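Okay, here's what each chain looks like letter by letter:
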Amino acid sequence: MKQLILVRHAKSDWPEETSDFDRPLADKGLLDALKMSKFLKNNSIGIDYFVSSPAVRALSTCKIFNQTYNLTFGTDDKLYNPSESNFESVIYDLNDEVNSVAFFSHNNGISNFANSISEDVFHFPTCGVAGFQIECDSWSQFDGASKKLLFFYEPGKI
């Protein structure tokens, strides 16, 4: 069994003359990311590894989660402005020793990917988190594996 957790970056700011890639988190985003990471940890949501988009707002969200989890994490360019196949490509690159992984990424890609693997309808708010059980022993089996939604949390509802 594997577990895939999708995290949309927390609320960002867009200061003048800042590129999309370099947008920082807003104060609300900083607070929501800390609140959500502690909520997950306090509810025994185990995570082995983080993979983040390298964009500032996603990577900052990942780093805040990592203050709670203290894990090794990496970045992958495929999680910035991602298509559904980008997520699958990152999944297939995972080491099979990783049983639970969290991806930090962006809309609309993260919502589209969640909808492609679940019958539930998702629109991720900022810092929204969805967890899926993937019935496989190897990430290489992801495509054909049964997938089940375990949870969906929004920062305004926890």
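What you are looking at is a predicted structure, and each value in this text was computed from that prediction instead of being measured.

### Here's the deal with the overall build of the protein chain
So, step 1. What the protein chain contains, in helices and strands, is four helices and six strands.
So, step 2. For the protein chain, the succession of helices and strands along the chain, N to C, is β-α-β-α-β-α-β-α-β-β.
So, step 3. In terms of C-alpha radius of gyration, the protein chain reaches 14 Å, essentially the compact-globule figure of 15 Å for 158 residues.
So, step 4. Along the longest, intermediate and shortest principal axes, the C-alpha atoms of the protein chain span 45 × 30 × 30 Å.
So, step 5. Within the span of the protein chain, comprising 158 residues, buried residues form 51% of the whole.

### Some thoughts on the nonpolar core
So, step 1. Counting residues in each nonpolar core, the largest one holds 24 residues, and the members touching the most others are Leu 4, Leu 6, Val 101, Phe 103, Phe 113, Phe 132 and Ile 134.
So, step 2. Among the elements of the structure, strand E1 (2-8), helix H3 (84-92), strand E4 (100-105), helix H4 (109-117) and strand E5 (129-135) are those that each provide at least two residues to this core.
So, step 3. The element that contributes the greatest number of residues to this core is H4, accounting for four residues.
So, step 4. Beyond its immediate chain neighbours, meaning those up to four positions away, Ile 134 contacts Met 1, Lys 2, Leu 4, Trp 139, Phe 142, Ala 145, Ser 146 and Lys 147.
So, step 5. Counting residues in each nonpolar core, the second largest holds 19 residues, with Ile 5, Leu 25, Phe 65 and Val 129 among its members.

### A few points about the UniProt feature "binding site: substrate" (unreviewed entry) in the protein chain
So, step 1. Under the local residue numbering, the UniProt record ascribes the feature "binding site: substrate" (unreviewed entry) to Arg 57.
So, step 2. Examined against the element boundaries, Arg 57 turns out to sit in helix H2 (residues 56-69).
So, step 3. Judged by its relative accessible area of 4%, Arg 57 is buried.
So, step 4. In this structure, Arg 57 is in contact with His 9, Ser 12, Asp 20, Phe 21, Arg 23, Leu 25, Tyr 80 and His 106, ignoring residues within four places of it in sequence.

### Re the packing of helix H1 (residues 27-42) against H2
So, step 1. Here H1 crosses H2 at 40°, and the two axes come no closer than 9 Å. Here H2 runs oblique to H1, going by the angle between their axes. Two packed elements cross with a definite hand, and for H1 against H2 that hand is right-handed. Two secondary-structure elements touch here, H1 through Leu 30, Ala 33, Leu 34, Met 36, Ser 37, Lys 38, Leu 40 and Lys 41 and H2 through Thr 61, Ile 64, Phe 65, Gln 67, Thr 68 and Tyr 69.
So, step 2. A breakdown of the residues in the contact of H1 with H2 according to their chemical character gives eight nonpolar, four polar and two charged.

### Regarding unusual backbone geometry
A negative phi angle characterises most non-glycine residues, just as the trans form characterises most peptide bonds.
So, step 1. A cis amide bond links Asn 107 with the next residue in sequence, Asn 108, at an omega value of 10°.
So, step 2. Structurally, Asn 108 can be placed in the loop between E4 and H4.
So, step 3. A positive phi is found at Glu 17, a non-glycine position, where the angle reads about 60°.
So, step 4. Unlike most non-glycine residues, Cys 127 shows phi in positive territory, near 65°.

### Description of the packing of H3 against H4
When two helices pack together, you describe them by how their axes are tilted relative to each other and by the distance separating the axes.
So, step 1. As a packed pair, H3 and H4 sit with axes 8 Å apart at the nearest point and diverge in direction by 75°. With respect to their mutual orientation, H3 and H4 come out roughly perpendicular. Contacts between H3 and H4 involve Glu 84, Phe 87, Glu 88 and Ile 91 from the former and Gly 109, Ile 110, Asn 112, Phe 113 and Ser 116 from the latter.
So, step 2. Considered class by class, the residues forming the contact of H3 with H4 number four nonpolar, three polar and two charged.

Definitions and limits used
- Residues numbered from 1 in each chain as written.
- Predicted model: local features only at pLDDT ≥ 70, side-chain atom pairs only at ≥ 80, totals over all residues.
- Heavy atoms only, no water.
- Helix = DSSP H or I, 4+ residues; strand = E, 2+ residues; numbered from the N terminus.
- Rg over C-alpha atoms; globule rule 2.2 N^0.38 Å.
- Buried < 20%, exposed > 50% of the residue type's maximum accessible area, 1.4 Å probe, protein only.
- Core = buried A, V, L, I, M, F, W, Y, C linked by side-chain atoms within 4.5 Å.
- Contact = heavy atoms within 4.5 Å.
- UniProt positions renumbered as here; feature names shortened; annotations may be inferred.
- Axes fitted to C-alpha atoms, helices over the stretch in contact; angles between N-to-C directions.
- Parallel < 35°, antiparallel > 145°, perpendicular 65-115°, else oblique.
- Left-handed = near helix turned anticlockwise from the far one by under 90°.
- Nonpolar A, V, L, I, M, F, W, Y, C, P; charged D, E, K, R; others polar.

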